[in-house]
Amino acid sequence: MIKIGNIELPEFPLLLAPMEDVSDPPFRRLCKMHGADLMYSEFISSEGLIRDAMKSRKKLDIFDYERPVGIQIFGGDEEAMALSAKIVETVEPDLVDINFGCPVKKVVCKGAGAGVLKDIDLMIKLTKAVVNSTHLPVTVKTRLGWDTEGINIMEVAEKLQDAGVKALTIHARTRAQMYKGEADWNYIHAVKNNPNIEIPIFGNGDVDSPQKALEYKQKYDCDGIMIGRGAIGYPWIFNEIKHFFETGEILPEPTITDRLLAVRQHAEWSAEWKGERLGLIEMRQHYSNYFRGIPHFKDFRRKFLEVFTLGEMDGVIAEAADFYKEFSY
Ligand SMILES: Cc1cc2nc3c(=O)[nH]c(=O)nc-3n(C[C@H](O)[C@H](O)[C@H](O)COP(=O)(O)O)c2cc1C
């Protein structure tokens, strides 16, 4: 069993990554249904939360059925981070996660996200400000370093642990890599094998299949794996990995019917959470992902994009189900 503070997770948990505009409650609910063990909100700006920006507050919505769930915050100002951790505490998540990995310019410029990888003193001050202002366990998600010359994850991991962080997720890329190149998990292995490190170390970056998950688990010795892009439009990945770990068998891919049902479920939960029209507009980013690699989907995609109500969606789903019933997938 893995523990983060007093949160108990199964041996080798699979985590759903925090992803802006993706890891919202409807998507998290699907991932939970398909086996995610710990999930995070989209990142939330500490300054936005304090200004009470509606969008930031909405990101604080969490539901009991998704526990354990963490809320992720970012920011470059100690006071704002401490205060936003207090605000986060009011909605009672299981943990607070600090984002020290976001490579995007508008975040980095404010000394937030991966910006602190160039200023470890600031990183530790921000971390302590959060740890001291909440009774919730605090975790961190970060990258290897600013760039290849500045890889400092070993020092960062030790200092974060000393500052009171209860688990660390490492996205095995530098800030300079953004999302390009391959993630280098050798650094995760090195941190995990540092005898001074006692907190759980979760590996992140490029895991998109059960085979890769098993290979990385065995090779890099981390305490669990966090999955981001591999789960977008494919929430089945969590149980597929678990099944492979347990039996060595690859589960059959979801059928067209499974995919249509998942889209319908996702849309229904989005409509409940955001309102029907907005929920369905925001579903648009997901269709291609749910049907990745499925032949002849183009026409149905166009039809899905024109849908504004669940009733209209049911029409497109019925048509697609009818069309694909002659195919063996
Ligand atoms: C659309 C998108 C949004 C993301 N938003 C966040 C975020 O809000 N917070 C964060 O820590 N990382 C964010 N990330 C990074 C992911 O959490 C993850 O570290 C990265 O995608 C690498 O993992 P993967 O290869 O499994 O996708 C985002 C990534 C994507 C693709």
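The model shown is predicted, which means the values in this text are computed figures rather than measured ones. (Residues numbered from 1 in each chain as written. Predicted model: local features only at pLDDT ≥ 70, side-chain atom pairs only at ≥ 80, totals over all residues. Heavy atoms only, no water.)

What should I look at first to understand the site of the ligand in this one?
Inspection of the region around the ligand gives 16 residues, with Q72, K141, N204, D206 and R229 positioned closest. Between K141 and the ligand, the recorded distance is 2.8 Å, taken from a side-chain N or O atom to an oxygen atom. Note that an oxygen atom of the ligand is positioned 2.6 Å from one of the side-chain N or O atoms of N204. Coverage of the ligand by the protein chains reaches 87% of its 610 Å² of free accessible surface. (Near = heavy atom within 4 Å. Polar contact = N/O pair within 3.5 Å; in protein donor to acceptor, adjacent residues only side chain to side chain. Areas by Shrake-Rupley, 256 points an atom, 1.4 Å probe, with all protein chains shown as cover.)

Sorry, what's going on with the sheet that holds strand β3 (residues 14-16) here?
As a general point, the strands of a sheet are linked pairwise by backbone hydrogen bonds and lie either parallel or antiparallel. Pairing is parallel in the closed barrel, where eight strands are placed in the order β3-β4-β5-β6-β7-β8-β9-β10. Between one strand and the next, the sheet's axes are offset by a mean angle of 25°, whatever the strand orientation. One ladder, built from three bridges, connects strand β9 (residues 201-204) with strand β10 (residues 224-227); its direction is parallel. Bridge pairing links F202 to G224 in β10. Against the sheet, helix α1 (residues 25-33) makes contact with β3, β4 (38-45) and β5 (69-74), and its axis sits at roughly 165° relative to β4, the strand it touches most. Docked against the sheet, helix α4 (residues 78-89) engages β5 and β6 (95-100), running at close to 155° with respect to β5. (Pairing = 2+ DSSP bridges. Helix = DSSP H or I, 4+ residues; strand = E, 2+ residues; numbered from the N terminus. Axes fitted to C-alpha atoms, helices over the stretch in contact; angles between N-to-C directions. Contact = heavy atoms within 4.5 Å.)

Just checking my understanding: could you explain the pattern of salt bridges for this structure?
A side chain with one charge can pair with a side chain of the opposite charge if their charged atoms come near. The full count for this structure, using the stated rule, is 18 salt bridges. Across the salt bridge formed by D37 and K242, the nearest N and O atoms sit 2.8 Å from each other. With D37 in the loop between α1 and β4 and K242 in helix α10 (residues 237-247), this residue pair connects regions lying 205 residues apart in the sequence. Put simply, D61 and K58 hold a salt bridge, and the shortest N to O gap is 3.5 Å. For D61, a relative accessible area of 24% corresponds to the partly exposed category. Salt bridges sharing partners connect three or more residues here, namely D24, K274 and E282. (Salt bridge = Lys/Arg side-chain N within 4 Å of Asp/Glu carboxyl O. Buried < 20%, exposed > 50% of the residue type's maximum accessible area, 1.4 Å probe, protein only.)

Would you take a moment to explain the pairing of β6 for this structure?
Remark: a regular strand shows side chains that alternate across the two faces of the sheet. Of all six residues making up β6, six are buried, and the element is well covered by its neighbours. Of the two faces of β6, the one carrying L95, D97 and N99 and the one carrying V96, I98 and F100 are both buried. Of the strand pairs in this sheet, β5 and β6 are connected by four bridges, and their pairing is parallel. Bridged to G70 within β6 is L95.

Could you clarify how one ought to interpret a positive patch on the surface in this entry?
Taken together, the side chains of R51, K55, K106 and K110 present a region of like positive charge at the surface. Mapped onto the elements, K106 comes out in helix α5 (residues 105-108). Judged by relative accessible area, K106 falls into the exposed class, the value being 58%. (Patch = residues over 30% accessible without salt bridge, like charges linked within 9 Å, V, L, I, M, F, W, Y side chains within 5 Å. Lys, Arg positive; Asp, Glu negative; His and termini not counted. Charge placed at Lys NZ, Arg CZ, Asp CG, Glu CD.)

Can you walk me through the side chain of S270 in this structure?
Tracing the backbone through its elements, the reader meets S270 in helix α11 (residues 256-274). On the accessibility criterion, S270 (2% relative accessible area) is buried. Setting aside residues no more than four positions away along its own chain, S270 makes contact with P26, G275, G279 and M283.

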